[in-house]
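Read off the chains here:
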Amino acid sequence: MAQDLYSITSTFSINAVPNTLPTPLAILNAIADPIWVKDQADRWVYVNDACCHLLGHSAAVLLAQPEHVGWSESTLLDLESAQQEAVTTGLAQEREIAIQDGSGQDRILSVKVDVLTDTDDQLFLIHTLRDMTQRVEAEQRLQRQSRRERLLGAIAKHLLQSLSPEHILGRSVEELRRFLEVDRVLFYSLRPDHIGVVAEAVTVNQQSLTHKTEGLAFRPAELEQFRQGELQMVEQLEACELSLSQREYFKRLGVQAYVAIPVAQGDELLGLIYVQDCCRPRSWLRWEIEALQDVSTQIGSAIAQADLYDQVRQLNSELEHQVAQRTKQLQQALDFEATLKRITDRVRDSLDETQILQTAVEELTGALGARGSNTALYDLEQETSTIYYEHNPSLPPAKGRVAQMRAFPEVYHQLLEGQYFQFCSIKPHPVRGHVSMLACPIRDDRGVLGDLWLINAKGYGFEDPEIRLVQQVANQCAIAIRQARLYQESQAQVKELERLNHLKDDFLSTVSHELRTPVTSMRVALQLLGVTLNREFDLGSELRKPKPSQNPLARYYQVLTEECEREISLINDLLDLQRLDGGNHPMNPQPIDIKSWLLGITNTFQERAQSRTQSLELDIPDDLPCLVSDQASLERVFAELLNNACKYTPPGEKISITAIATATDELNIIISNTGVEIPARELSRIFDKFYRVPSADPWKQGGTGLGLALVQKLLWHIGGEIEATSRRKKTAFIVTLPLSM
């Protein structure tokens, strides 16, 4: 542009008329850039239309009175500097100036000053303007945006590095103070738990408010405005509307201008960011406010996140505490369960009341960490409570102390009702001092047997798991004590029964021995009577008949003989049982041929079986091994079993004898009869002394009930066994004998 202007002006001479240029310069009106020309006397000699439009004045006004432009002093100094340098150097100079255009808008222009000389050596300064407003504003916006992003990035970095609200706020206000170049930036908390300054960044020459107790007083309307997101901006403290207390507060701090930006999260107003300038009034720019609002949003989110983190941490802490408590409770429950099992096993294995009580108090004192414990048993008839055992490592002994229940009705009334209770002593006991105590009754379904006391330090409260453990231990003690007492009673009964049994056995032995002599004498007398009757009345054949004789003398003789033999058999059975019980029964082991021996015994019962229309069968293998045993005892056993078989087998039924050798060097001899069945409930009692199965004797022969008892004892004596089975109208007695004694 300068070269164009030079080429144009160099071909024309300058008119001598002041403030005018040659007419061809009018071509400059066609240029879009504003241009004005000064002569060497600093007079405006030309302006183009673009310049008039920019400055808002006509060419005549600008050429006549250029001071109407109203430029600032700094702008005029910049222009003067450029002009002088251009004249001095002869080179074009360029400056950037700020002006207001004709419409009052601020413009940033680039002015270029060129020096032109005409043919008469007159000097002219050509000023060419270029509008830089949009570019500069764009650059400023970019700079502000960059600064703003750096600010937000720095704050975001602090947010990422810490979740502590104090650290976040402290770093954020420091970044804001440097960013806005102010004297003080603080965060004023409005949360109920802390109202006042919680973070501050302040220059060295200003007072700190961090530890000040004095706070701001806000009107409800102001707080509501802050909750709605409205900010408070003061550019000059003296010219704003504030409450008297607020104005005085800021004056004491020397504040000239400030901005208060609300920090909220949802509907909750967390606090205010205060930006304060204490040196001068200040106009707050829009981009500064926007940056503050962005920071406010960040801080609000960060505080909310920190609160959430604190809540999560608190919840985790509570959860960990709950888990720890549950774990502790579970461990305590396991320990108590182990203690209860240990106590239960020990007390149930004991039949000694003292041992039971001692175990309970020792285990409970250790498991609950009590200072001591004791247990007492009641005498309800005497209405007394006696301490039978105690475990008091740190307390004076109280064992054997007897308490009258009537003297302490408030205590024993509850215990006798089966209720536990705990209490702390109001006045110090002369021996124990101040203690807390738990009393629990020892009771079962029959009533209260005693009590169990736990003693601990003053103010200690027994918890539910501890009380349940004491109750369970007390219940186990009650069961064990009742069991011990029942055992003692049963032992006393057993001893009494043994005494009676010995008396009975002694009586039977004495009676048997006493009866044997006169009965033997009766047998001898009957034998002599038989000889006399045979000699005097020739009744020998009548006396020997198996059936009752028609002769009265012979019939009387037969009755006396049979009853005498029956009494002798009974006496012998009693004596044999007595000898077997005392271990004095004689034994004479000898080899026995089983088949021939059983055949001989069976033959003695054939006539009796035939007379009752019973069949008697013998099934004995030829290859049975030899048996070594007491033959007299075996003959007594099998004679009794065959006698019972004949006695209880109905007419027309069968009696069988079978022998079988086993693989274990034993011999089984089975005597069975059909047509009769022993009830299952009677099988377990048929070997008892004097026991007879009711209504099982079809021949009505009677008996003493000693036969099977004697059979069993004889077999035990020689090492054998006997077992009875009965089903489907068949009864069998299985005798098991060792092949050798």
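Residues numbered from 1 in each chain as written. Predicted model: local features only at pLDDT ≥ 70, side-chain atom pairs only at ≥ 80, totals over all residues. Heavy atoms only, no water.

A count of helical and extended segments in the protein chain gives 18 helices and 23 strands. When burial is assessed residue by residue, the protein chain has 41% of its 741 residues classed as buried. Restricting to contacts in the protein chain with at least 6 residues of sequence separation, those with at least 24 account for 58%. Approximately 41,200 Å² of the protein chain is accessible, and the part contributed by carbon and sulfur atoms is 51%. (Helix = DSSP H or I, 4+ residues; strand = E, 2+ residues; numbered from the N terminus. Buried < 20%, exposed > 50% of the residue type's maximum accessible area, 1.4 Å probe, protein only. Contact = heavy atoms within 4.5 Å. Areas by Shrake-Rupley, 256 points an atom, 1.4 Å probe, with all protein chains shown as cover.)

Successive residues of a regular strand alternate their side chains across the two faces of the sheet. Burial along strand S22 (residues 721-727) is one-sided: the residues Ile 722, Ala 724 and Ser 726 are buried and none of Glu 721, Glu 723, Thr 725 and Arg 727 is. Taking the residues between adjacent antiparallel strands as the criterion, S22 and strand S23 (residues 730-738) are bridged by 2 residues, where Arg 728 takes a positive phi near 55°. (Pairing = 2+ DSSP bridges.)

Taken as a whole and judged by the stated rule, the model has 17 aromatic pairs. Consider the rings of Phe 421 and Trp 453, whose centres lie 6.0 Å apart with planes at 90°: the pair is edge-to-face. With Phe 421 in strand S14 (residues 421-424) and Trp 453 in strand S16 (residues 447-457), this residue pair connects regions lying 32 residues apart in the sequence. This pair shows no difference in class: Phe 421 is buried, exactly as Trp 453 is. Taken together, Tyr 249, Phe 250, Tyr 258 and Tyr 274 form an aromatic cluster joined through their ring pairs. (Phe/Tyr/Trp six-rings, centres within 6.5 Å; stacked < 30°, edge-to-face > 60°.)

Turning to the side chain of Glu 390, a few remarks are in order. In this fold, Glu 390 is placed in strand S12 (residues 384-391). Side-chain polar atoms of Glu 390 contact the backbone nitrogen of Lys 399, separated by 3.2 Å. (Polar contact = N/O pair within 3.5 Å; in protein donor to acceptor, adjacent residues only side chain to side chain.)

Bringing the nonpolar core into the picture now. If you look at the biggest cluster of nonpolar residues, it comprises 39 residues, and the most contacted ones within it are Phe 638 and Leu 641. Looking at this core, the elements that each hand over two or more residues are helix H15 (594-611), helix H16 (631-648), strand S20 (654-661), strand S21 (666-674), helix H18 (707-717), S22 and S23. In terms of residue count, the dominant contributor to this core is H16 (7 residues). Contacts of Phe 638, omitting those with residues within four sequence positions, involve Trp 597, Ile 601, Ile 669, Ile 671 and Val 735. By size, the runner-up hydrophobic cluster in this structure holds 30 residues, among which are Ile 343, Ile 442, Leu 454 and Ile 481. (Core = buried A, V, L, I, M, F, W, Y, C linked by side-chain atoms within 4.5 Å.)

Turning to the sheet that holds S22, a few remarks are in order. Taken together, 5 strands build an open sheet; the order of strands is S18-S20-S21-S23-S22 and the sheet is mixed. Taken across any chain shown, the strands that pair with only one partner, and hence form the sheet edges, are strand S18 (615-619) and S22. The sheet shows a mean angle of 15° between the axes of neighbouring strands, taken without regard to direction. Sheet contacts for H15: S18, S20 and S21; angle to S18, the most-contacted strand, approximately 175°. Across the sheet, H16 touches S18, S20, S21, S22 and S23, and the angle it forms with S21 is around 20°. (Axes fitted to C-alpha atoms, helices over the stretch in contact; angles between N-to-C directions.)

Interhelical geometry of helix H6 (residues 165-180) versus helix H9 (residues 286-348) gives an angle of 170° and a closest axis separation of 10 Å. By the angle between their axes, H6 is roughly antiparallel relative to H9. Each of Pro 165, Ile 168, Leu 169, Ser 172, Leu 176, Phe 179 and Leu 180 in H6 lies in contact with H9, whose residues at this interface are Trp 287, Glu 288, Ala 291, Leu 292, Val 295, Ile 299, Ala 302, Ile 303 and Ala 306. Looking at the contact of H6 with H9 residue by residue, the classes come out as 14 nonpolar, 1 polar and 1 charged. (Parallel < 35°, antiparallel > 145°, perpendicular 65-115°, else oblique. Nonpolar A, V, L, I, M, F, W, Y, C, P; charged D, E, K, R; others polar.)

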